[in-house]
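Working through the structure, step by step
In case you want the letters, here they are:
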Amino acid sequence: MRTARSLAAFLLALTALLALAVGLASATHTSGPAAGHPAAQVSDPTAMGAELYAQSCASCHGTDGAGTEYGPSLLGVGAASVDFQLSTGRMPFAGQPASQAKRKPVAFSADQIESLVAHVVSLAGEAPAGPAIPTVTTSDALLARGHEIFAGSCAPCHGATGNGGAVGGGALAPPLDQATTVQTVEAMLVGPGQMPVFALGEEDQNAVATYVDWLQDAPTPGGFSIGGIGPVPEGFVAWVVGMGLLLVVVVLAGRSWQRPDPDPDR
Amino acid sequence: MILRWVDERLGMASWARSGLRKIFPDHWSFLLGEVALFCLVVLVLTGVFLTLFYVPDAALVEYDGPYAPLVGQEVSRAYASVLELSFEVKAGLVMRQVHHWAALVFVAAIVLHVMRVFFTGAFRRPREINWLVGIGLLLLALAMGITGYSLPDDLLSGTGLRVIYSVVIGIPLVGPYLGFLLFGGEFPTETIISRLFVFHIMLLPALLIGGVLVHLAILWRQKHTQFRVPGATERTVVGRPFWPSQVFKSTGLMLLTAAVLALMGGLLQINPVWTYGPFDATTVSAPAQPDWYVGWLDGALRLFPPIEFTLLGITIPSVFIPGVVIPGIAFAIMTLWPFIEPRLAGDREEHHVLDRPYDNALRASVGVAGLLAFVVLTIAGGNDVVALIFNVPVEAMTNILRVAFVAVPIVGFWVTWRICRELQRRTDAPDPRRPVVLRRTASGGFEEGGHER
Amino acid sequence: MSAERLISALLAASMAASLALVGVYVLDLGGAPLEGSLLAVALGGVGAAIVVWAVTLMHAPPEVEERHEMPSPPDARGAAAEALDLEAVTRRRFLVRMLAGAGGLLAAALALPAFSLGPQPGRELFETGWRAGSRVVGGDGEPIRPDDLLEGAVRTVFPEGAVGRPDSPAMLIRLRPSDLHLPEDRQGRAYEGCVAYSKICTHAGCPVGLYRAEDRALICPCHQSTFDVTRGAVPVFGPAARRLPQLGLAIDADGYLVADADFDEPVGPSFWNLTHQGEPE
C-alpha cells in the first residue's frame, strides 16, 4: 500500500497547492506608493529650496547649478525634469558612479520638492527654460489612443506590459508600475538619462498617461501573469511546473510496479 | 456478443489474443513518450475547438469588442477572432491556454523522450528506422508550434515570422525566390496567415499523426527495449501484459497529463496576445522571443558574430550560418547518429537490452556536449530577459554566452567521458546470460522462480 | 486507507468537480482559473483512480515473453523475393529507361503549380516607398519641420502618402550637428543635426525600435544589434554586419523635411544579390 499512500499524499499536496493558487490568483495586485519623508516645517519656501539645494544637490551639481565632474548642469533643464527626478526618488543619486539613476524611496516631502524645483529653475536666470511641470488629465476615451502610441513608442524599451526591459549599454528601461500620471508625461517631455524625448501634443500625452495608469491595474484573465514578459518565463514554467509535475506523476505511476501488492484481495 | 459479431466479419480473435497478452517492460522512463502522445491528444481535442472559432484572415477590421485599449483600432480579422475567443466565448480562454501549454509541454516531453532513447542506445539495430521517424516527428512538432503560435497575428509572433522570412531570403541563390513563394510576396503578406492555417490544421497534423502511427506500429512489431533486469535477455522481454495492466496505467496517465495541462491552462496566463497588440511591421515590442523550443535558433542568431562576406559575387548574409548551416549540421548529426555510432563503436549487432547511460562513453559524451550546446543557445535566446532579471549588462551576457557555447560543450564532453570510464571501471556489468529459473503458470504465462548463481 | 476507499474518494472528487463545472458553465460563473482548476480535478481524479486501481487491485506479477527473430527466415525471404520478381520488369531495359524519363518529366510538370504560390522578387527588395522629394511625415501623416524635434528626440517617420508601408519606416533623430561624424560616403545626408535611418534591421529585419539617447545608439530588440547614429548607423555590437541605410534629408520650400532620393541600398536583411543594385531583374 506504500505506493497508494504516496500517490494519495502527492494528490493531497497538489490539492492544497491548488487551493492556495486559486486563492492567490483571485487576489488583485496593487502597487503601493513610494514612501515619503514627513515635511520639516520651514517658514520661507524659497529659502527652504536654497537650503535644501545646498545640503543635498550642490556637491554634485555645483552651488550655481552649472555642474561639476560628478553631476551635469541643471541650468535650463526645466521644472519637469527636476520634479521628475525628485518625485521618483532618483535624486539624490545613490549608486555606482556613472550608473543609471533608479527609482527609490523619495527623500523629500511634496513641499520640499516644490521649493527645490522653484530654486533650480531660478538658477537658470534668463536662459530659455526647459519643459514645465505638465497638467495631466486622464480619460477613458483616450485609452485606445494611448495604447496605440504606447505600442509604437514605449513598448520597444519598456515592454508591452510596461514591465521594463534591458536596453543594452548597462541601461534598463524601468518598469512603469509605480509611475504617476504626471511622472509619465514628465519623462516623455524630459527624456531622462538614456530615454529619448517624446514631445507629443497634450492630448497624446494624456492618452499615454491614461494607458500607463490602466496598465498598473490591468486585469489578467488567464491567471498568474508570470512576470508578463513573454515566452521566456512561459518556457521556464512549462519545464519546471508542467514537466516537473508530469515527471512526479510518471515516476510514481511507473515505479509502483516494482513491488507488486502481496495481498491483492485486501 | 458484440465481439462475436465483429469477429464474424473481421476474424481477428487470434490477433486480439496475442495483442492483449503482449508484454511491455516497466520503467518510468518508458512513459515519457506516452506523455508526449497524451499532450498530442490534448492538443488535437482543444485544437479542434479553437479551429471552430478562429478566422484565418489577415484583412483589417475595426475592433469593437470588450477589450477597451483596442477599441477602434485596426486589427486583422484573425487577431480579432482570437480576442473574441479569449473574452467573449465561454471556456474560450481556458481552451486556448490549455492548447498553448500543451504545445510547450509536448515538445519538452519529446526532448526528454529523445534523451532517454539516445542515452540508453535504444536507437541501435533494429530500431534505426524508428529513430528516423522520431526525428521527423520532432521536426513536425517544432513546425506545428511555430505555425500555431503565429496564427493570432499579434506583434510578437509576427516579428518571429519576419525573422524566419529573413533567414529564408538569406539562403544563397534561391533565398528571395523561396521567401516570396512561401509568403506569397514581400513580407508582410496577407496570405501568409491563411497558409500557416492550412499547414497547422491539415498538412502538418496529417504527417504528424501518420508518423505517430508508424512510430507505434514499429514499436509494436519490434517489441519495446528494456533495461537489464532479472529475466531480460536479448531473446526475451519481461514486463506486464498490454491488457489490463498497461492499458489501465496508460489511460490513467493520459487523464493525469490532461489534468496537469488543464491546471496550467486555468491558473497560468500564457501568450496574452491582447497585451502585445496586433501585428504591425513598422513597430516591435521588447523583449522579443519565440516559444522556448525555438529559443535555441534565436540564440544562435544573437550569439553569432557580425560576419557577412561575398563568395564569387554572392553575398552570404549574416543570418545564413547561424540560421541555416549550424542547425542543419546539428540535425544531420542527430538524424544519422544510429548509422554513425556503429562505425565508430564497431558494434553492428541487434540490441534489445538497453545500455546504462555510462556504458558507451562516446555516445554519452557526444550527447551531453550536444545537450549543453542546446541549453547555452536556449539561454542565449533570452539573453535580454536574463540580463533584466539578474541585472547584468546585455552585452556582457552575450559575450559570456559566446564563450560558453564553445567552452561548455567541450568541458562537458571531457567530464562525461571521464565519469563514464570511471563508472564502467567500478560496476560489475551483470551477465545477461546469467541463468534464471522460469515456471510455467496455469494460465500459460511464465513467471520468475528465482535466480541461480 | 484501503485502496478501494482511496479510489472511491478520487472518483467522488472527480464527479463533484465535473458537476461543479456544469454549474459554472450554465450559471456563467466562469473565468479561466476556476474552469481550469475544476477541469484538472475532474480529469485528475479519474486518472489517479485508474492508476491506483491498476497498481493495487490488479494482480500483475512480471511475465516473460520470447522475442521473435527480427530478420525473416531465409526461405521466407527467398519466397518474398520470388513473389516480387523484379526481373520480369527490369528485363525490358529500354522501356524502363523511357518510363523513368517520363516519370521524371511528369514530376517536374506536376510541380509547376507550386510556382504560382508567389511572385518573382523582381526589384521589390531593392525599392521602398521613398522617392526624391518625398515629404517626411510622422505616423499621423503630418509633415515635420526640423525645429519640431528637440535635441535627443526620435520619431518613426514615413514618406508622405505611404504611412505604414512596411518597407519604408525610418527613424528620424535630432542631434547636435557637432555630434555627427558621418562617414565620407554619407556626408551631406543630415540636415541641421537631423538624421534618418531605415528602421528595418539589416540583420533579420525586425524594426530597430529602441534608442539610447545618451549613447546615441539605435538598438534592435530581436538580437541586440546596436547601431551608432552619429557615424552613419554603423553596427557597434551584436550580429548585424551592415549599416542601416541612410536617407538623405533636405527641406522643401515650406520648410518641411523631405528625402532627396530613395535609400541607396536595399533596406533590411542582406540577400545573395544585395550588391546588384543597378542590374535589371
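Because the structure is a prediction, the values reported are computed rather than measured. For every chain, the first residue of its written sequence is number 1, and the numbers climb from 1 along that sequence. Each chain gets a letter, beginning with A, and each ligand a number, beginning with 1, in the order they are written. Residues qualify for local features only when their pLDDT is at least 70, as the model is predicted, and side-chain atom pairs are given and counted only at 80 or more; totals for whole chains, interfaces and linings, by contrast, use all residues.

Next up on the list: the overall build of chain B. The secondary structure content of chain B amounts to 16 helices and eight strands. Structurally, chain B occupies a C-alpha span of about 80 × 60 × 45 Å along its principal axes. Each residue is classed by its C-beta neighbour count within 10 Å, where at least 20 other C-beta atoms makes it buried, 12 or fewer makes it exposed, and intermediate counts make it partly exposed; the C-beta atoms are placed from backbone geometry. Buried residues in chain B amount to 51% of all 453 residues. Of the contacts made within chain B by residues no fewer than 6 positions apart, 73% connect residues no fewer than 24 positions apart. A run of DSSP states H or I qualifies as a helix once it reaches four residues; a run of E qualifies as a strand once it reaches two. Both are numbered from the N-terminal end. Two residues qualify as being in contact provided that their C-beta atoms, derived from the backbone, are within 7 Å of each other.

In this section: the overall build of chain C. From N to C terminus, chain C includes five helices and 12 strands. The C-alpha atoms of chain C give 35 Å as radius of gyration, which overshoots the globular expectation for 281 residues (19 Å, by more than 25%). Taking contacts inside chain C between residues at least 6 apart in sequence as the whole, the part at least 24 apart equals 53%. Here the globule rule is a power law, 2.2 Å times the number of residues to the power 0.38, and the radius of gyration is based on C-alpha atoms.

Strands qualify as paired when DSSP identifies two bridges or more between them. The three strands lie next to each other as β1(B)-β4(B)-β1(C), forming an open sheet whose pairing is antiparallel. On the outer flanks of this sheet lie β1 (23-24) of chain B together with β1 (63-66) of chain C, each paired with one strand and no other. Lying on the sheet, helix α10 (residues 242-267) of chain B is in contact with β1 and β4 (236-241) of chain B; it crosses β4 of chain B at an angle near 70°. To obtain an axis, a line is fitted to C-alpha atoms, over the contacting stretch when the element is a helix, and the angle between two such axes runs from 0 to 180 degrees between their N-to-C directions.

Often, the extent of an interface is quoted as the loss of accessible area upon association of its parts. Counting residues at the interface gives 84 residues for chain B and 66 residues for chain C. With 16 residues, the top contributor of residues to the side of chain B that touches chain C is α10 of chain B. Classes in brief: Ala, Val, Leu, Ile, Met, Phe, Trp, Tyr, Cys and Pro nonpolar; Asp, Glu, Lys and Arg charged; the others, Gly included, polar. Looking at the side of chain B that touches chain C residue by residue, the class counts come to 47 nonpolar, 23 polar and 14 charged. Of the pairings in the sheet, the one linking β4 of chain B to β1 of chain C comprises four bridges and is antiparallel in character. Its bridge partner lying in β1 of chain C, valine 238 of chain B is registered against valine 64 of chain C.

Attention shifts here to the packing of helix α6 (residues 143-158) of chain A against helix α8 (residues 202-216) of chain A. Residues and elements named next belong to chain A. Running from N to C, α6 and α8 cross one another at 90°; their axes reach a closest spacing of 7 Å. In terms of orientation, α6 and α8 fall into the roughly perpendicular class. Seen from α6, the contacting residues are Leu143, Arg145, Gly146, His147, Ile149 and Phe150; seen from α8, they are Asp204, Ala207, Val208, Thr210, Tyr211 and Trp214. Of the residues in the contact of α6 with α8, the class split is seven nonpolar, three polar and two charged. Small angles under 35 degrees read as roughly parallel and large ones over 145 as roughly antiparallel, with 65 to 115 read as roughly perpendicular and the rest as oblique.

All names here are of chain C. Most of strand β4 (residues 170-174) sits out of view: five of its five residues are buried. Neither face of β4 is open: one carries Ala170, Leu172 and Arg174, the other Met171 and Ile173, and all of them are buried. As defined by bridge partners, strand β3 (residues 154-159) adjoins β4 across four bridges and the pair is classed as antiparallel. Its bridge partner lying in β4, arginine 155 is registered against leucine 172. Pairing of β4 with strand β5 (residues 194-198), which is carried by five bridges, proceeds in the antiparallel orientation. Bridging across to β5, isoleucine 173 finds its partner in valine 195.

Right, let's talk about the environment of tyrosine 165 of chain B for a bit. Mapping tyrosine 165 of chain B onto the fold places it in helix α7 (residues 155-169). The sequence separation of tyrosine 165 of chain B and valine 260 of chain B amounts to 95 residues, and the corresponding C-alpha distance is 35 Å. Excluding anything up to four places from it in sequence, tyrosine 165 of chain B contacts Gly179, Phe183 and Phe187 of chain B together with Gly205 of chain C.

Let's shift gears to helix α4 (residues 79-87) of chain A. Residue and element names in this part refer to chain A. Within α4, nine of the nine residues are buried, which leaves the element mostly enclosed by the surrounding structure. By the burial criterion, the buried members of α4 are Ala79, Ala80, Ser81, Val82, Asp83, Phe84, Gln85, Leu86 and Ser87. Buried positions along α4 lie against α5 (110-123) and α7 (181-190). In the stretch just after α4, glycine 89 is the one whose phi turns positive, near 80°.

All names here are of chain B. Tracing the backbone shows arginine 221 in helix α9 (residues 191-222). C-beta crowding within 10 Å serves as the criterion here: with 11 such atoms nearby, arginine 221 is assigned to the exposed category. Considering only alpha carbons, one finds arginine 221 and glutamate 341, 120 residues apart in sequence, at a separation of 24 Å.

As a rule of thumb, nonpolar side chains are buried together in soluble globular proteins. Among the nonpolar cores identified, the biggest contains 254 residues, and Cys39, Val105, Phe106 and Ala109 of chain B together with Ala196 and Leu218 of chain C are the most heavily contacted of them. With 19 residues, the single largest contributor to this core is helix α5 (residues 92-119) of chain B. Discounting residues that sit within four places of it in the chain, cysteine 39 of chain B has contacts with Ala102, Val105, Phe106, Ala109 and Thr257 of chain B. Counting residues in hydrophobic clusters, the runner-up holds five residues, among them Ile23, Phe24, Ala232 and Val237 of chain B. For this analysis, nonpolar core means a set of buried Ala, Val, Leu, Ile, Met, Phe, Trp, Tyr and Cys residues linked through C-beta atoms within 7 Å.

What follows is about the domain arrangement of chain C. Note that domain bounds follow an automatic or database assignment of domains. The assigned domain composition of chain C is domain 1 (3-56) and domain 2 (127-259). When each unit is reduced to the centre of its C-alpha atoms, the spacing between domain 1 of chain C and domain 2 of chain C is 59 Å.

A word on the packing of helix α6 (residues 128-150) of chain B against α9 of chain B. Residues and elements named next belong to chain B. Viewed as axis vectors pointing N to C, α6 and α9 meet at an angle of 155°, and their least axial separation amounts to 9 Å. Comparing their axes, α9 and α6 come out roughly antiparallel. The chirality of how α6 crosses α9 is left-handed. In this structure, α6 contributes Ile129, Asn130, Val133, Gly134, Gly136, Leu137, Leu140, Ala143, Met144, Thr147, Gly148 and Ser150 to the contact, and α9 contributes Leu196, Phe199, His200, Leu204, Leu207, Leu208, Gly211, Val212, Val214, His215, Ile218 and Leu219. The sense of a crossing depends on the near helix, which, turned anticlockwise from the far helix by less than a right angle, makes the crossing left-handed and, turned clockwise, makes it right-handed.

Before going further, it helps to examine unusual backbone geometry. Cis geometry is adopted by the peptide bond preceding proline 92 of chain A, which originates at methionine 91 of chain A and carries an omega value of 0°. By the element assignment, proline 92 of chain A lies in the loop between α4 and α5. Going from arginine 125 of chain B to proline 126 of chain B, the amide bond is cis rather than trans, its omega being 10°. The topology assignment puts proline 126 of chain B in the loop between α5 and α6.

Before going further, it helps to spend a moment on the sheet that holds strand β2 (residues 136-138) of chain C. A sheet is described by the order of its strands in space; here five strands give the open sequence β2-β3-β4-β5-β10 (chain C), paired in antiparallel fashion. This sheet does not close on itself; its edge strands, each paired only once, are β2 and β10 (246-247) of chain C.

A separate point is the confidence of the model for chain C. Residues and elements named next belong to chain C. The pLDDT value tells you how sure the predictor is about a given residue, anywhere from 0 up to 100. In the predicted model, chain C carries a mean pLDDT of 91, and the fraction of residues at 70 or more is 98%. β1 is the least confidently modelled element of chain C, averaging 80 in pLDDT, while strand β8 (residues 226-228) averages 97, the highest of any element. Across the whole predicted complex the pTM is 0.90, and at the interface the ipTM reaches 0.92.

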